[in-house]
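For reference, the chains in residue letters:
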Amino acid sequence: MARTRARARLPMAVAAAVAVMSTMAATGSTAATRPGAVGPDRPTIRYTEYGIPHIIASDWEGLGTGYGYAAAKDNICTLADTYLMVNAQRSRHLGPDGRASPGQNQNTTTNLKSDLYFQRIKDDGVVERLIAQPAPDGPEPAVKEAIRGYVQGYNRYLSETGADGLTDPACRGAAWVRPITELDVYRHAHAEIIMGSADALLDGQVDAAPPGAASAPAKPASSPKETAAKISSALAVSRQQSMGSNALAVGSQGVSGGTGMLLANPHFPWQGKNRMWQSHLTIPGKVNVSGASLLGLPAVNIGYNDDVAWSHTVATVAPFGLFDVQVDPLNPTKYLVDGVWEQMTSQQVTVDVRKPDGSLGKVTRTLWSTRYGPVTTSMQGVSLPWVVSAHAVRDVNMNNLRALNTWFRLDQAKDVEDVVNTLETTQGVPFFNTIAADRKGKALYADIQATANITDAHAQSCLTMTGQLLFNQPLRLPNVPPISIFDGKRSACDWPDDPNAVAPGLLDPRKQPRLIRDDFVGNANDSAWLANPDQPLTFPRVMGDAQAPRSLRTQELILTARKRIDGTDGLPGRGFTPETMGKLLFADNSRAADLALDATVAMCKSVPFGLILVDGTLVNVSEACPILAAWKSHDYTSDSRGSLLFANYWASLQGGQGIEKLPWRVPFDPKDPVHTPNSLDSGSSAVRDAFGRAVLAMRKAGIPLNAPLSDVQKVTRGGEQIPIHGMIGELGVLNVITMGQVDGKTDVVFGSSFIQQVRFTAEGPPQARSVLAYSQSADPNSPHHADQTRLFSAGQWATERFTEEQIAASPALVVKVLD
């Protein structure tokens with residue numbers, strides 16, 4: 001069978017080679033003459049619709065050069081700002097009090113604290129040490145060559161324009177826009193890999209000071225129960241305002257007219273270093289991959305090649321753990337391990353700071369570490385006082401550059417088994433699940449990543465009282481991963497090394513969950529338990545929960561997939577096609593509305609005289625009843641009316657608590673986790689009061705109760721207001737959109753970013769459609785600053801060009817050869 005397929009696809013390969021040669025001839029490029037090189041002798045960028053670059057080169061260095069040039073052309077200010085951050089120079093150029101975004105969320109700390117954090121990593125030589133190591137701990141040769149080329153491409157673009165010639169006003173003429181080095185790129189990659197711990201722990205690490213120090217906060221210790229509750233609540237809020245994702249892989253039993261299919265729908269920030277950027281990367285005979293990456297990483301993180309497509313979703317794994325160490329009351333920088341006092345390590349960290357008068361000064365701070373890692377005095381803003389004990393952080397990804405090797409190998413994977421092998425042998429994925437589909441018709445879910453080696457037995461032996469509450473999560477707040485706080489007095493409580501893991505302290509990848517099926521698997525940021533509800537998975541507690549309520553978004557993903565495969569969703573036929581896959585996401589259906597709208601309307605109609613007392617104010621809700629009753633589509637499309645009212649009401653009702661805490665008549669049942677809880681209690685005072693608060697809030701804001709979503713949810717690009725469909729994930733809407741304030745203006749803070757669907761058939765090239773919701777360029781003067789945003793607004797997709805014939809046929813084709 002394999003031999004027949006190779007013969008069938010040979011004419012296509014020949015035609016592709018002819019198309020490459022035709023493009024090169026038209027641009028003056030020639031075929032490479034050195035042995036083994038089959039691509040052009042100079043990196044070549046072919047731009048097609050929406051400014052998508054199709055980069056072809058004869059080797060990894062050339063491919064990196066094209067990527068670096070094209071990425072800088074679209075987003076040099078965002079990239080330069082990132083290099084400023086990872087080199088601990090924001091305070092020097094932008095002042096110490098400005099805001100920085102080192103983690104997943106936006107503007108979470110000050111420039112000064114960010115600089116101290118990254119300067120410590122620089123002083124410790126963390127990244128330099130990792131680069132110097134052989135693979136798998138250090139970068140593989142292809143990674144090194146691509147990053148070498150990336151630096152050349154980035155610097156070439158900057159040399160052509162100069163800082164003064166940039167079109168983006170965000171950094172035009174700025175002194176901090178400079179040529180970069182390979183170390184800058186590795187530092188950026190490392191910062192992305194460790195960002196899962198930065199939001200929660202960065203401030204606590206740079207603020208930590210022993211009792212009696214001038215900078216030590218005088219905050220009394222809370223009880224374990226109170227501390228755990230505060231941390232859980234803070235983490236829940238942070239993760240609701242942070243990155244998320246959906247992904248669905250469909251196998252041969254669920255695809256119509258094909259073998260395998262994938263929907264990738266990451267929910268990433270629309271601004272800053274975590275923007276995604278789309279590209280197509282080709283070295284003939286070596287790699288041919290299309291998709292998107294975090295800006296500035298010269299590979300495809302989410303995408304497809306000839307044989308397999310994959311995506312990532314944010315997992316329910318904490319990429320760090322804490323150790324509670326008992327300190328000497330007379331000398332609190334000493335701590336007890338196995339009955340012996342050990343001295344903490346002090347480290348003087350100094351950064352340059354711009355003063356109000358423009359002159360430069362220096363700030364020096366003493367930071368502290370234990371054998372387990374840096375001392376922190378807070379987690380997610382919740383105080384962990386350094387009094388009787390101190391808390392030390394062990395970051396599972398601090399010594400991880402392996403993720404670069406992971407992504408480069410995924411770009412060349414042949415099937416889902418190859419994906420699993422890559423994940424296991426590199427163990428570089430940081431806090432992400434991987435979902436994939438291949439040409440053979442297999443669908444894969446895998447939560448194989450860099451995870452702390454914490455078995456259930458080890459956890460129960462070593463958890464502190466606060467740690468037990470955080471790890472076992474009796475509060476069950478949504479999206480909060482199991483957080484470990486171990487007894488640091490016992491060295492045996494450190495994460496043990498496993499001979500089957502790639503690096504010290506990591507969990508054996510073979511113990512991590514994975515599932516390959518012929519129908520479907522998916523994930524919407526819940527644990528691995530119900531990747532497919534017909535085959536529930538088991539796994540160590542450190543990787544998430546099981547037998548517990550699933551989010552409404554997870555329910556929506558599973559139910560939508562089942563109905564489409566069964567042909568019971570009202571659409572023609574059975575199984576997924578590109579058309580029905582697109583409708584799955586852009587229907588913007590709300591699972592919360594499916595479950596609760598009718599009961600809410602019944603409650604509204606039953607309110608005596610239509611009046612609800614809200615905080616001493618009588619609110620007439622009679623106008624709201626017919627508006628909600630008319631919202632029969634339960635959707636968050638731009639023209640939907642009643643959807644805003646329901647969103648405000650639901651946010652008030654849920655109040656940040658788990659979905660099972662709402663007043664349901666039918667409680668959660670682990671035997672039926674996709675359909676429970678259900679049947680909202682329309683007689684509940686909580687339901688009535690939340691509805692009254694929502695009506696009152698909208699009237700105070702001057703928003704009509706029947707206002708279409710587009711009146712409120714829109715972004716401004718170049719003076720043009722663009723409506724944005726979708727809604728927050730708590731409503732069970734797959735197309736997540738979260739609005740907020742960005743630089744004083746209303747914008748999307750995070751949500752659907754790079755969206756891609758890919759279908760494989762037995763023969764022929766992959767069939768792909770995509771849309772980058774915020775467009776390719778952050779530069780307001782770029783023609784590709786808002787073109788895909790308009791496409792996303794209209795609920796449309798761009799048909800991707802993957803073969804050389806498809807690229808050459810683009811009416812928008814523009815070719816750039818890098819001489």
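Details of the structure are given in the entry above.
Just so you know, these numbers come straight off a predicted model, no measurement behind them. (Residues numbered from 1 in each chain as written. Predicted model: local features only at pLDDT ≥ 70, side-chain atom pairs only at ≥ 80, totals over all residues. Heavy atoms only, no water.)

Colleague: Hey, could you go over the packing of helix α2 (residues 60-86) against helix α7 (residues 182-193) for me, with residue numbers and the actual values?
Modeller: Interaxial distance between α2 and α7 falls to 9 Å at its minimum, and their mutual angle equals 80 degrees. One way to sum up the angle between α2 and α7 is to call them roughly perpendicular. The segment α2 lies against α7, with T82, Y83 and V86 engaging D184, V185, R187, H188 and A191. When the residues that make up the contact of α2 with α7 are grouped by side-chain class, the tally is four nonpolar, two polar and two charged. (Axes fitted to C-alpha atoms, helices over the stretch in contact; angles between N-to-C directions. Helix = DSSP H or I, 4+ residues; strand = E, 2+ residues; numbered from the N terminus. Parallel < 35°, antiparallel > 145°, perpendicular 65-115°, else oblique. Contact = heavy atoms within 4.5 Å. Nonpolar A, V, L, I, M, F, W, Y, C, P; charged D, E, K, R; others polar.)

Colleague: Please set out helix α4 (residues 111-124) residue by residue, giving values where relevant.
Modeller: An α-helical turn contains 3.6 residues, so any two residues separated by three or four positions project in the same direction. Under the 1.5 Å per step criterion, the end-to-end length of α4 is 20 Å for 14 residues, consistent within 8% with the ideal 20 Å. With ten of 14 residues buried, α4 lies mostly within the body of the structure. (Expected span 1.5 Å × (residues − 1). Buried < 20%, exposed > 50% of the residue type's maximum accessible area, 1.4 Å probe, protein only.)

Colleague: Please give an account of the sheet that holds strand β10 (residues 308-314) that cites residues and values.
Modeller: Read from one edge to the other, the open sheet built from ten strands follows the order β23-β21-β20-β10-β9-β8-β7-β2-β1-β36, with strand pairing classed as mixed. Each of the sheet's edge strands pairs with one partner strand only, and the pair in question is β23 (514-517) and β36 (814-817). Across the sheet, the mean angle separating the axes of adjacent strands is 20 degrees when strand polarity is ignored. One ladder, built from seven bridges, connects β10 with strand β20 (residues 432-438); its direction is antiparallel. Each residue of the ladder has a partner; that of V314, found in β20, is F432. (Pairing = 2+ DSSP bridges.)

Colleague: Summarise the state of the cysteines; cite the residues concerned and give the values.
Modeller: Enumeration according to the criterion identifies three disulfides in this entry. Between the sulfur atoms of C77 and its disulfide partner C171 the distance amounts to 1.9 Å. When the S-S torsion is -80 degrees, as for the bridge of C77 with C171, the disulfide is left-handed. Of this pair, C77 sits in helix α2 while C171 sits in the loop between α6 (141-161) and α7, placing them 94 residues apart in sequence. (Disulfide = S-S within 2.5 Å.)

Colleague: Any details on the nonpolar core? Residues and values, ideally.
Modeller: Residues I76, Y150, Y154, V177, L248, M276 and F486 are the most contacted members of the largest nonpolar core, which totals 187 residues. When residues of this core are assigned to their parent elements, the largest contribution, 15 residues, is made by α2. With residues near it in sequence (within four places) discarded, M276 still touches P266, F268, A292, S293, L294, I302, S753, F754, L772 and Y774. In terms of nonpolar packing, the next biggest core, distinct from the first, is built from 45 residues, A593, V607, W650 and W664 among them. (Core = buried A, V, L, I, M, F, W, Y, C linked by side-chain atoms within 4.5 Å.)

Colleague: Can you tell me about the environment of R99, naming the residues and giving the values?
Modeller: Within the element layout of this structure, R99 appears in strand β3 (residues 99-100). Engagement of the side chain of R99 in a polar contact is seen with the backbone oxygen of T108, the distance being 3.4 Å. (Polar contact = N/O pair within 3.5 Å; in protein donor to acceptor, adjacent residues only side chain to side chain.)

Colleague: Account for the pattern of salt bridges, with residues named and values stated.
Modeller: A full pass over the atoms with the stated rule returns 35 salt bridges. Between D415 and K440 there is a salt bridge; the shortest N-O distance is 2.7 Å. Placement of D415 in the loop between α10 (402-410) and α11 (416-426) and of K440 in the loop between β20 and β21 (443-446) is noted, with a sequence separation of 25 residues between them. According to the relative accessible area criterion, D415 is buried, its value standing at 11%. (Salt bridge = Lys/Arg side-chain N within 4 Å of Asp/Glu carboxyl O.)

Colleague: Kindly report on the packing of aromatic side chains, identifying the contributing residues and their values.
Modeller: Counted according to the given criterion, the structure contains 24 aromatic pairs. Where Y83 meets Y154, the ring centres are 5.7 Å apart and the plane angle is 80 degrees; that geometry is what we call edge-to-face. In this pair, Y83 is assigned in helix α2 and Y154 in helix α6, connecting sequence segments 71 residues apart. For Y83, a relative accessible area of 2% puts it in the buried group. Aromatic side chains W368 and W386 sit 6.2 Å apart centroid to centroid with 85 degrees between the ring planes, which places their arrangement in the edge-to-face category. With W368 in strand β15 (residues 360-369) and W386 in the loop between β18 (382-383) and β19 (389-395), this residue pair connects regions lying 18 residues apart in the sequence. A network of ring pairs unites the aromatic residues W631, Y636, F646, Y649, W650, W664 and F691 as a single cluster. (Phe/Tyr/Trp six-rings, centres within 6.5 Å; stacked < 30°, edge-to-face > 60°.)

Colleague: Give me the lowdown on the packing of α2 against α6, citing residues and values where you can.
Modeller: Relative orientation of the contacting elements α2 and α6 amounts to 60 degrees, with a least axis distance of 6 Å. Considering the angle they form, α2 stands oblique to α6. For the pair α2 and α6, the crossing hand works out as right-handed. Residues belonging to the contact of α2 with α6 are distributed by class as follows: 14 nonpolar, six polar and six charged. (Left-handed = near helix turned anticlockwise from the far one by under 90°.)

Colleague: Lay out the side chain of R759 in plain terms, naming residues and giving numbers.
Modeller: Take R759: it is sitting in strand β33 (residues 754-760). Although buried, R759 forms no salt bridge, and the nearest oppositely charged side chain, E579, lies 6.0 Å from it. There is a polar contact of 2.8 Å between the side chain of R759 and the backbone oxygen of S256. Setting aside chain neighbours within four positions, we find R759 in contact with V255, S256, G257, G258, G260, M261, T577, P578, P766 and Q767. (Lys, Arg positive; Asp, Glu negative; His and termini not counted.)

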